[in-house]
Amino acid sequence: MNQLPTIRSPWRTAILVLCFMFLYAPMLLLVVYSFNSSQLVTVWESFSFHWYKVLFQDDAMLDAVGLSLTIAALSATMAVVLGTMAAVIIVRFGRFRGHSGFAFMLTAPLVMPDVITGLSLLLLFVAMGNTFGWPSDRGMLTIWLAHVTFCTAYVSVVINSRLRELDRSIEEAAMDLGATPIKVFFVITVPMIAPAIVTGWLLAFTLSLDDLVIASFVTGPGATTLPMAIFATVRRGVNPEINALASLILFVVGLVGFIAWRFMAHEEKQRLRDIQKARRG
């Protein structure tokens, strides 16, 4: 049966180009002006690495970067652990008393305004400090706890959708051969949902690194995250040093995203090959 030839519309290409320009042109301009030697961010003077040198000599900004990266990595890791456990309970344990309430409370941070979340966590930490003496002060620990709270919801949604798509016959076959549920989970289920785990970790890392509102509520005078430092700097005027910092962040994020994409693509191809081999066998 003859197939009709595919007609490539020039409008489709034009719309795609316009969409990409709308999304990435501001980032491209930011990277270009990070090499501007002028003090004014909107006036091009000459090509220079001056603001990158200023950035690496700014101890306060570098400390904020280190604190934010540390909190983001720890928050993403704990959110992946808790989010995976929650997703497994919802998908694999079936209906139980309080199932709907558990699912609702787990996803509530997705629609809760950041101001409400930050204020409620602040009141919780103050009440806990007055009652139990812990946490004694607010800083890196309270920011980490707050970020784990809302990042877990995003991770659980990602892993939940992946678990629902899995073919449970492979897990059931392993248990029929004598494998315990714990061994089945770590040997079979975890490798199959590895792309979703990586995606959830990257999403949680990005959300934690980007958070300003919640961290502003639960932090103390000794802990300043990168968004807080940038916001305080921008309030006094846009500094070209911020352009250099943002360009480095874009480069790192793009590199990590590319590596994660290659990893997930490889895992997906391997999963399809394993399924095909299992069906042939």
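Residues numbered from 1 in each chain as written. Predicted model: local features only at pLDDT ≥ 70, side-chain atom pairs only at ≥ 80, totals over all residues. Heavy atoms only, no water.

- Going by an unreviewed UniProt entry, the protein carries the name Putrescine ABC transporter permease PotI and comes from Candidatus Pantoea formicae.
- Per UniProt, the protein has the following entry under Sequence similarities (unreviewed entry): "Belongs to the binding-protein-dependent transport system permease family. CysTW subfamily." (UniProt positions renumbered as here; feature names shortened; annotations may be inferred.)

### Focus: the packing of helix H3 (residues 59–92) against helix H9 (residues 194–210)
Here's step 1: Axis separation between H3 and H9 bottoms out at 8 Å; the angle between their running directions is 140 degrees. With respect to each other, H3 and H9 are oriented oblique. In the packing of H3 onto H9, the handedness of the crossing is right-handed. In contact with Ser68, Leu69, Ile71, Ala72, Ala73, Ser75, Ala76, Thr77, Ala79, Val80 and Thr84 of H3, H9 contributes Ile197, Gly200, Trp201, Ala204, Phe205, Ser208 and Leu209.
Here's step 2: For the contact of H3 with H9, the per-class residue count stands at twelve nonpolar, six polar and no charged. (Axes fitted to C-alpha atoms, helices over the stretch in contact; angles between N-to-C directions. Helix = DSSP H or I, 4+ residues; strand = E, 2+ residues; numbered from the N terminus. Parallel < 35°, antiparallel > 145°, perpendicular 65-115°, else oblique. Left-handed = near helix turned anticlockwise from the far one by under 90°. Contact = heavy atoms within 4.5 Å. Nonpolar A, V, L, I, M, F, W, Y, C, P; charged D, E, K, R; others polar.)

### Concerning the layout of surface pockets
In this approach the atoms are scanned with a rolling probe the size of a water molecule, which exposes any empty space left behind.
Here's step 1: Within this model, the largest pocket holds a volume of roughly 660 Å³.
Here's step 2: Around the largest pocket, the lining comprises 19 residues; the ones closest to its centre are Leu209, Asp210, Leu226, Ile249 and Val253.
Here's step 3: Elements supplying a minimum of two residues to the lining of the largest pocket: H3, H9, helix H11 (226–235) and helix H12 (240–280).
Here's step 4: At seven residues, the largest contribution of residues to the lining of the largest pocket is made by H12. (1 Å grid on protein atoms, 1.4 Å probe; cavity = no way out; pocket = protein on both sides within 12 Å on 5 of 7 lines; lining within 4 Å. Points joined across faces, edges and corners; volume = space filled by probe spheres on them.)

### What about empty space enclosed by the protein?
Here's step 1: Under the defined criterion, the tally for this structure stands at one cavity of 30 Å³ or more.
Here's step 2: Taken as a whole, the largest cavity encloses approximately 30 Å³ of empty space.
Here's step 3: Around the largest cavity, the lining residues are Ser68, Ile71, His147, Ser208, Leu209, Asp211, Thr225 and Pro227.
Here's step 4: Among the elements of the structure, H3 and H9 are those that each provide at least two residues to the lining of the largest cavity.
Here's step 5: Classifying every residue of the lining of the largest cavity gives three nonpolar, four polar and one charged.

### A few points about the UniProt feature "domain: ABC transmembrane type-1" (unreviewed entry) in the protein
Here's step 1: In the numbering adopted here, UniProt assigns the feature "domain: ABC transmembrane type-1" (unreviewed entry) to residues 65–260.
Here's step 2: The straight-line gap between the two end C-alpha atoms of residues 65–260 is 22 Å; of that span, 82% is helix and 0% is strand.

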